[in-house]
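Structural overview for review
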Amino acid sequence: GVSAGVVRGIADDFVGNTASGLWTTADAQPLTPELVRDLFAGNLYFNVHTAAHPAGEIRGQIYPTSGTTLSATLTPEQETGEVVSDATGTASVQLTDAGVLFFVTVEGLTGEIANAHFHRAPAGVSAGVVRGIADDFVGNTASGLWTALDDQPLTDELIRDLLAGNLYFNIHTAANPAGEIRGQVQLAGGVGAAVQLDPEQETHDVTSDGTGTASLTLTQAGVVFDLTATGLTGAIANAHFHNGAFGQDGPVVRGIADDFVGNTASGLWTTADAQPLTRERADELIAGNLYLNLHTAANPAGEIRGQVRPNAVVSTAIEVIDEEIPGAFSLAQNYPNPFNPATTITFSLPRATHAVLAVYNLLGQQVAVLVDASLPAGSYRVTFDAGQLPAGLYPYRLEAGTFRQARTMLLVK
């Protein structure tokens, strides 16, 4: 309700009607400790100006939120059916004590929104509706609170699916009744870790061709983990988080055997568990002093092990292949494809930006981060060695500012 001076311009961060950026202490208009205090006090606001409204056409006060932050980018490419559309969308989701608070904005649809929902399924899979959101839309923007008291209630099981990345938004139009744009809801905050499990990390002799991949995210809700193993000598007899540095054995801090269905486990480790996630254990995770260990009858002390390395980047060096400024963002198909065990991926940036190139399995779990860096405009090449992964299809995605593009590659062995 009060107008005041500018503290940071964001016009240059816009591509079309969408902006993303990072405000730091090193900016020309720096983020100062005083401004951080104002941010948390609710004393900063966004203002977007147009020629018709030079003093501001839309404004939004920034309020602090509590809980676990999630987000979704909605695109036609995430639909499991054929879609011809230039639509895009962004969603912000906050899991709070009151329920799930959500905001969704879409643009460029082929027509009016005919329906919209939360669905329950991992990336690349379609499944049933768990909560309609069509009535929450005003124009192309929706906001609402999903609670345990709704007609389609928010259950504990759905909260677990939300945190595990198994809920998605789907927006339907008359031209695309099965869905025009879709966005998987993913954790937006926290400390991430990519884990590769193999026999070589065990501290004792092991004869095995087993391998595994795990992804973890430390959030306010706890540690969300997903793990898949293959090539073991037999059934998993036990599995745990241990507290120990690389090359050293340590005690069990959380069992995960009960989280397995076959050779895949997913779960949430919280402060309320029988083996709780304490502040000390969270600190050990961040320090890289936790590891996963899978045990079999043939290898009771452990057959494959993987050190948890927060924010792991598992690429070779990024190679500049052309410093000439390209005309558009692009992500090329990998070559060779199919491949074994290494392949090359190229991408182009028409302007300087922070780029993230990551690889996923078909469950939507991140298995490798190939690029996570601020890069100048140009064309780049990176080599991906998938020797530790099982054969199969692997989607890979480039995120650079507001640009998103995904492709799929085939690993054969």
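Residues numbered from 1 in each chain as written. Predicted model: local features only at pLDDT ≥ 70, side-chain atom pairs only at ≥ 80, totals over all residues. Heavy atoms only, no water.

Overview of the overall build of the protein chain
To keep it simple, the criterion reads: Strands here mean DSSP runs of E at least two residues long; helices mean DSSP runs of H or I at least four residues long; both are numbered from the N terminus. Here the globule rule reads 2.2 Å times residues to the power 0.38, and the radius of gyration is calculated from C-alpha atoms. Only the protein chains shown count as cover for residues, and all accessible areas are computed by the Shrake-Rupley method using a 1.4 Å probe.
Scanning the protein chain from terminus to terminus reveals three helices and 32 strands. The C-alpha radius of gyration computed for the protein chain amounts to 23 Å, which stays within 12% of the reference 22 Å derived for 413 residues, consistent with globular compactness. Projected onto its principal axes, the C-alpha coordinates of the protein chain cover approximately 75 × 55 × 50 Å. Per element, the accessible surface of the protein chain, about 20600 Å² overall, is 53% carbon and sulfur.

So, the packing of aromatic side chains
To describe a pair of aromatic rings, one takes the distance between the centres and the angle between the planes. Filter applied, for reference: For Phe, Tyr and Trp, rings pair up if their centres lie within 6.5 Å, where Trp contributes its six-membered ring, and each pair is then called stacked (planes under 30 degrees apart), edge-to-face (over 60) or tilted (otherwise). Buried residues are those whose accessible area, probed at 1.4 Å on protein chains only, stays under 20% of the maximum for their type, while exposed residues exceed 50% and partly exposed ones sit between those limits. Two conditions define a charge located above a ring, namely a distance within 6 Å from the ring centre to NZ of Lys or CZ of Arg, and an angle within 35 degrees of the ring normal.
Summed over the entire model, instances satisfying the criterion amount to seven aromatic pairs. Between Phe347 and Tyr380, the ring centres sit 5.5 Å apart and the planes meet at 25 degrees, which makes this aromatic pair stacked. Separated by 33 residues along the polypeptide, Phe347 in strand β27 (residues 342–349) and Tyr380 in strand β30 (residues 378–385) bring together distant segments of the chain. Relative accessible area serves as the criterion here: at 1%, Phe347 is assigned to the buried category. The rings of Phe102, Phe118, Trp146 and Phe169 are connected pair by pair, giving a single aromatic cluster. Between the NZ or CZ atom of Arg59 and the centre of the ring of Tyr45, over which it lies, the distance is 3.4 Å.

Notes on the side chain of Thr353
Heads up, the rule is: A 3.5 Å cut-off defines polar contacts: any pair of N or O atoms within that distance qualifies, except that in protein one atom must be a possible hydrogen donor and the other a possible acceptor, and neighbouring residues in sequence count only when both atoms are side-chain atoms. By the convention used here, residues are in contact when the closest approach between their heavy atoms is within 4.5 Å.
Secondary-structure assignment places Thr353 in strand β28 (residues 353–360). You can call Thr353 buried: its relative accessible area is 12%. A polar side-chain atom of Thr353 sits 3.5 Å from the main-chain amide nitrogen of Gly401. If we ignore the near neighbours within four places in the chain, the residues touching Thr353 are Phe329, Ala373, Ser374, Leu375, Ala400 and Gly401.

Here's the deal with the sheet that holds strand β12 (residues 167–173)
Definition in use: What makes two strands pair is DSSP finding at least two bridges between them. Helix axes use the C-alpha atoms of the stretch in contact, all axes being lines fitted to C-alpha atoms, and the angles between their N-to-C directions lie in the range 0 to 180 degrees.
Pairing is antiparallel across the open sheet formed by four strands, whose spatial order is β9-β8-β12-β13. One side of each edge strand has no neighbouring strand; the edge strands of this open sheet are β9 (129–132) and β13 (181–184). Mean inter-strand twist for the sheet, computed between neighbouring axes without regard to direction, equals 25 degrees. Note: strand β8 (residues 113–120) against β12, seven bridges, orientation antiparallel. If you follow Ile113 over to β12, its bridge partner there is Thr173.

As for unusual backbone geometry
Residue Pro338 follows Asn337 across a cis peptide bond; omega there is 5 degrees. Here Pro338 lies in the loop between β26 (330–331) and β27. The omega torsion of the bond from Asn340 to Pro341 falls at -5 degrees, within 30 degrees of zero and hence cis. By the element assignment, Pro341 lies in the loop between β26 and β27.

Thoughts on the environment of Gly250
Tracing the chain through its elements places Gly250 in the loop between β18 (236–243) and β19 (252–255). We classify Gly250 as buried; its relative accessible area is 18%.

Here we look at the confidence of the model for the protein chain
Any region with low pLDDT has predicted coordinates that should not be read closely. What counts here: Values of pLDDT, ranging from 0 to 100, describe the predictor's confidence in every residue of the model.
Taken over all residues, the pLDDT of the protein chain has a mean of 87, while the share at 70 or more is 92%. Predicted confidence in the protein chain is weakest over strand β24 (residues 309–310), with a mean pLDDT of 68, and strongest over β9, with 98. Taken as a whole, residues 311–315 scores under 50 in pLDDT and shows 14 contacts with residues more than four places along the chain or in a different chain.

Comments concerning helix α2 (residues 156–163)
All of the buried residues in α2 are Leu158, Asp161, Leu162 and Leu163. A positive backbone phi angle near 80 degrees is found at Gly165, which sits one or two residues after α2.

Details of the pattern of salt bridges
Where we set the bar: Think of a salt bridge as a Lys or Arg side-chain nitrogen and an Asp or Glu carboxyl oxygen that are within 4 Å of each other.
Under the defined criterion, the tally for this structure stands at 12 salt bridges. Here Asp161 ties to Arg120 by a salt bridge, and the two come within 2.6 Å at their closest N and O atoms. You can see Asp161 sitting in helix α2 and its partner Arg120 sitting in strand β8, a full 41 residues away along the chain. Here Arg120 falls in the partly exposed class, since its relative accessible area comes to 28%. For Arg131, the salt bridge goes to Asp150, with nearest N and O atoms at 3.0 Å. Linking Arg131 in strand β9 with Asp150 in the loop between β11 (141–146) and α2, this pair joins segments that are 19 residues apart in sequence. Looking at Arg131, the relative accessible area reads 9%, which means it is buried. By sharing partners, the salt bridges in this structure join Arg8, Asp13 and Asp27 into a single network.

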